[in-house]
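Here is how the chains run, residue by residue.
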Amino acid sequence: MPSSSCNTPSVLDVREGFWTILFLKGIESSYKFFENKHIYDFSVLTHGEKMSKVKMNEGNSTRMEYLWPLRFAAGWMFLDGGLRKAVLKPEKLNPLSASFVGGKLVNFLPHAGPFKPFLLMTLENRVLDVTFLTAFSYLEIVVGLFLILGVLTRLAAFGALLMSAGFAPAYWLGSTCEDEWQIGALLVAGSLVLMLTASGRTWGFDSLLYRRFGDRALSRRLPLLKWIKLW
Amino acid sequence: MVIHMEKVVIVGIVFAIIAVGWILGTGQWAYGNVVGPLVNYSKLPKVEVTYVSAIPTANGTALRLNLTDVDGPDAYPASVTMVEIVNSTWHVFLNSSQLANYTVTVYQSPWNENKGDAVNWYSGFEIPLGSQGQFVLNLPFKLSPGVYELILYTPAVKPVEVSFTSS
């Protein structure tokens with residue numbers, strides 16, 4: 001009958017009531033949680049900080065430990081590249097060998113754009129060519145190791161950033177897909193993140209350096225170098 | 001209106017712009033993948049003839065060809081497996097073994113590394129990506145004075161044609 005069905009709550013009404021009460025309780029407890037300042041002292045935070053801390057859930061999503069896989073990936077790309085040339089197959093740095101990597105620079109030439117004059121100058125001067133490639137390979141090893149171990153991470157990431165951007169003349173090479181550009185773009189972005197976040201201060205030797213010396217830059221006075229941090 | 005921003009936010013915005021600019025800019029430059037047209041220069045080889053001359057000798061013709069490969073994969077050299085010389089009344093094909101037999105010298109450009117331009121019986125002229133070389137051929141026949149077309153055949157791509165004058 002219509003009248004009794006209006007007065008007696010149905011199963012659906014009971015369920016809705018339950019979820020409504022649960023929802024209101026949730027809001028109430030959340031309000032109490034923040035009102036009582038269980039974790040954050042909101043009075044000293046700016047609006048932006050309040051928003052980011054509430055929304056990002058600082059308890060897990062912004063933990064520096066989560067950057068270690070990126071540190072390892074970027075570091076290993078460089079360490080592996082350097083080891084292959086300088087240690088595992090040293091013929092790659094021997095200009096008399098057929099495996100000499102100088103040939104790679106020749107491959108970059110056709111679409112190297114503004115980098116072409118530098119490449120030609122390097123290739124036409126054999127001493128410069130060999131010196132550059134040898135220095136680059138050992139620098140790759142150092143930067144890679146430092147990133148993985150978290151030693152002078154910000155400086156190492158800055159070096160990684162320059163090297164990643166530095167092989168832009170090869171970005172056009174990608175016979176299966178956009179290979180070199182994708183590698184370079186991801187390494188540029190990854191190096192930037194590692195540099196900005198000082199990721200070596202967690203799970204890295206930089207934590208010791210930071211505790212002992214605090215924040216240090218390449219130079220305290222020179223305008224550009226004071227922005228380049230060591231760890 | 002004055003907007004106050006934290007230093008961290010400003011640094012974040014600056015480096016975000018740098019990262020986005022670099023990635024989109026280089027992607028456009030290398031592959032045209034922002035506004036097109038889409039390109040990938042490392043898919044197929046593209047042999048270019050930068051110089052050609054034909055000079056009669058005592059028992060034939062000295063043909064000089066400057067060849068370079070400006071597109072294609074870096075793992076393997078471009079190959080010119082056959083050459084055709086043609087004018088309005090006559091033509092001749094030179095296959096890879098003839099190219100190898102008639103080539104007396106390959107001059108490498110100053111920037112070529114140890115994998116320079118070469119010739120062999122099976123692939124004909126081999127030109128690594130980016131390198132350039134001058135192939136000197138002693139052809140065992142005389143080209144009468146006049147204008148000729150030189151056609152270079154590379155597997156899987158369109159033949160390359162260039163005109164030259166035999167003196």
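Above this note sits the structure.
Quick look at the structure, then.

1. Here we look at the interface of chain A and chain B
Each side of the interface is counted separately: chain A has 44 residues, and chain B has 32 residues. Roughly 2,900 Å² of surface becomes buried between chain A and chain B when both sides are summed, with 62% attributable to carbon and sulfur atoms. Residue E113 of chain B is joined to R126 of chain A by a salt bridge in which the shortest nitrogen-to-oxygen separation is 2.9 Å. Scanning the region where chain A abuts chain B turns up 15 residue pairs in polar contact (both at pLDDT 80 or more).

2. Considerations on the side chain of Q132 of chain B
All names here are of chain B. Within the secondary structure, Q132 is located in strand 9 (residues 132-139). A polar contact is formed between the side chain of Q132 and the side chain of T50, at a distance of 3.1 Å. Here Q132 is in contact with T50, N66, L67, T68, Y107, Q108, S109, W111, N112 and D117, once residues within four sequence places are set aside.

3. Section: the packing of aromatic side chains
Scanning all chains against the criterion turns up 14 aromatic pairs over all chains. With a centroid separation of 4.4 Å and an interplanar angle of 45°, the aromatic rings of F125 of chain B and F135 of chain B are classed as tilted. Note that F125 of chain B is positioned in strand 8 (residues 124-127) and F135 of chain B in strand 9, a separation of 10 residues in sequence. Taken individually, F125 of chain B and F135 of chain B each receive the classification buried, so the pair is uniform in this respect. Taking 5.6 Å as the distance between ring centres and 20° as the angle between the ring planes, the aromatic pair formed by Y148 of chain B and F164 of chain B counts as stacked. With Y148 of chain B in strand 10 (residues 146-153) and F164 of chain B in strand 11 (residues 160-166), this pair connects stretches of sequence that are 16 residues apart. The two residues Y148 of chain B and F164 of chain B agree in class, both being buried. Aromatic ring contacts, followed pair by pair, group W90, F141, Y148 and F164 of chain B into a single cluster. Here the guanidinium or amino end of R201 of chain A rests over the ring plane of Y210 of chain A, the centre of that ring lying 3.9 Å away.

4. Side note on the side chain of R71 of chain A
All names here are of chain A. Mapped onto the elements of the fold, R71 is located in helix 4 (residues 68-88). Within the buried set, R71 has no salt-bridge partner at all; the shortest N-O distance to an opposite charge, 7.2 Å, is to D206. In this view, R71 contacts L147, I148, L149, G150, T153, L194, S199, G200, T202, W203 and G204; residues no more than four positions away in its chain are not counted.

5. Let's talk about the pattern of salt bridges
Pairing is possible between side chains that carry opposite charge, provided their charged atoms lie close to one another. Across all of its chains, the model carries 5 salt bridges over all chains by this definition. As a salt-bridge pair, K104 of chain A and D74 of chain B come within 3.8 Å of each other at their nearest N and O atoms. Here K104 of chain A, found in helix 5 (residues 102-108), pairs with D74 of chain B, found in the loop between strand 2 (60-69) and strand 3 (78-80), and the two come from separate chains. On the basis of relative accessible area, K104 of chain A is assigned to the partly exposed category, the value being 43%.

6. Some thoughts on the pairing of strand 5 (residues 91-95) of chain B
Residues and elements named next belong to chain B. Side chains V92 and L94 project from strand 5 onto a buried face, and the interleaved H91, F93 and N95 project onto a face without burial. Relative to strand 5, strand 4 (residues 82-86) is paired through 5 bridges, and the arrangement is antiparallel. Pairing of E84 across the sheet is with F93, part of strand 5. Between strand 4 and strand 5, which pair antiparallel one after the other, the connecting turn spans 4 residues.

7. Some words on the nonpolar core
Core analysis: the biggest nonpolar cluster contains 43 residues, and L147 and Y171 of chain A have the highest contact counts within it. Of all the elements in the fold, those that place two or more residues in this core are helix 4, helix 5, helix 6 (116-124), helix 7 (126-149), helix 8 (153-166) and helix 9 (179-197) of chain A together with helix 1 (7-31) of chain B. The dominant element in this core, judged by the number of residues it contributes, is helix 9 of chain A, at 7 residues. With residues up to four places along the chain from it excluded, the contact list for Y171 of chain A reads S164, A165, E180, W181, G184, A185 and V188 of chain A together with W22, T26, A30 and Y31 of chain B. Core analysis: the next-biggest nonpolar cluster, separate from the first, contains 26 residues, I85, V92, Y102 and L150 of chain B among them.

8. A closer look at the sheet that holds strand 3 of chain B
All names here are of chain B. The antiparallel open sheet is built from 3 strands, whose spatial order is 3-8-7. Edge positions in the sheet fall to strand 3 and strand 7 (118-120), since each has one partner strand and no second. When strand polarity is set aside, the average angle formed by the axes of neighbouring strands in this sheet is 30°. Examined bridge by bridge, strand 7 and strand 8 share 3 bridges and lie antiparallel to one another. Residue pairing for strand 8: A118 is matched across the bridge by E126.

Scoring rules and cut-offs
- Position labels on residues start from 1 in each chain and follow its written sequence.
- Written order determines the labels here, with chains lettered from A and ligands numbered from 1.
- In keeping with the predicted nature of the model, local features appear solely for residues at pLDDT of at least 70, side-chain atom pairs appear and are counted solely at 80 or more, and the whole-chain, interface and lining totals rest on all residues.
- Side-chain metrics rest on all non-hydrogen atoms present in the structure, leaving aside hydrogens and water.
- Residues count as neighbours in contact if any of their non-hydrogen atoms are within 4.5 Å of one another.
- The quantity reported as buried area is the accessible area (1.4 Å probe) lost by two parts once they are put together, taken as the sum for both.
- A carboxyl oxygen of Asp or Glu within 4 Å of a side-chain nitrogen of Lys or Arg is what we treat as a salt bridge.
- Polar contacts here mean pairs of N or O atoms no more than 3.5 Å apart (in protein, one a potential hydrogen donor and the other a potential acceptor; neighbouring residues in sequence count only if both atoms are side-chain atoms).
- Every helix listed is a DSSP run of H or I at least four residues long, and every strand listed is a run of E at least two residues long, numbered separately from the N terminus.
- Note on aromatic contacts: the rings of Phe and Tyr and the six-membered ring of Trp form a pair at centre separations within 6.5 Å, being stacked when their planes are under 30 degrees apart, edge-to-face when over 60 apart, and tilted otherwise.
- Exposure is judged per residue with a 1.4 Å probe applied to protein chains only, and the accessible area is read against the type maximum: over 50% gives exposed, under 20% gives buried, and values in between give partly exposed.
- Over a ring means this: the NZ of a Lys or the CZ of an Arg is within 6 Å of the ring centre and within 35 degrees of the ring normal.
- Charge counting treats Lys and Arg as positive and Asp and Glu as negative, with His and both chain ends excluded.
- Strand pairing follows a simple DSSP-based rule, namely that at least 2 bridges must link the two strands.
- Throughout this description, the term nonpolar core refers to a set of buried Ala, Val, Leu, Ile, Met, Phe, Trp, Tyr and Cys residues connected via side-chain atoms within 4.5 Å.
- Each axis is a line fitted through C-alpha atoms, and for a helix only the stretch in contact is used; angles between axes span 0 to 180 degrees, taken between their N-to-C directions.

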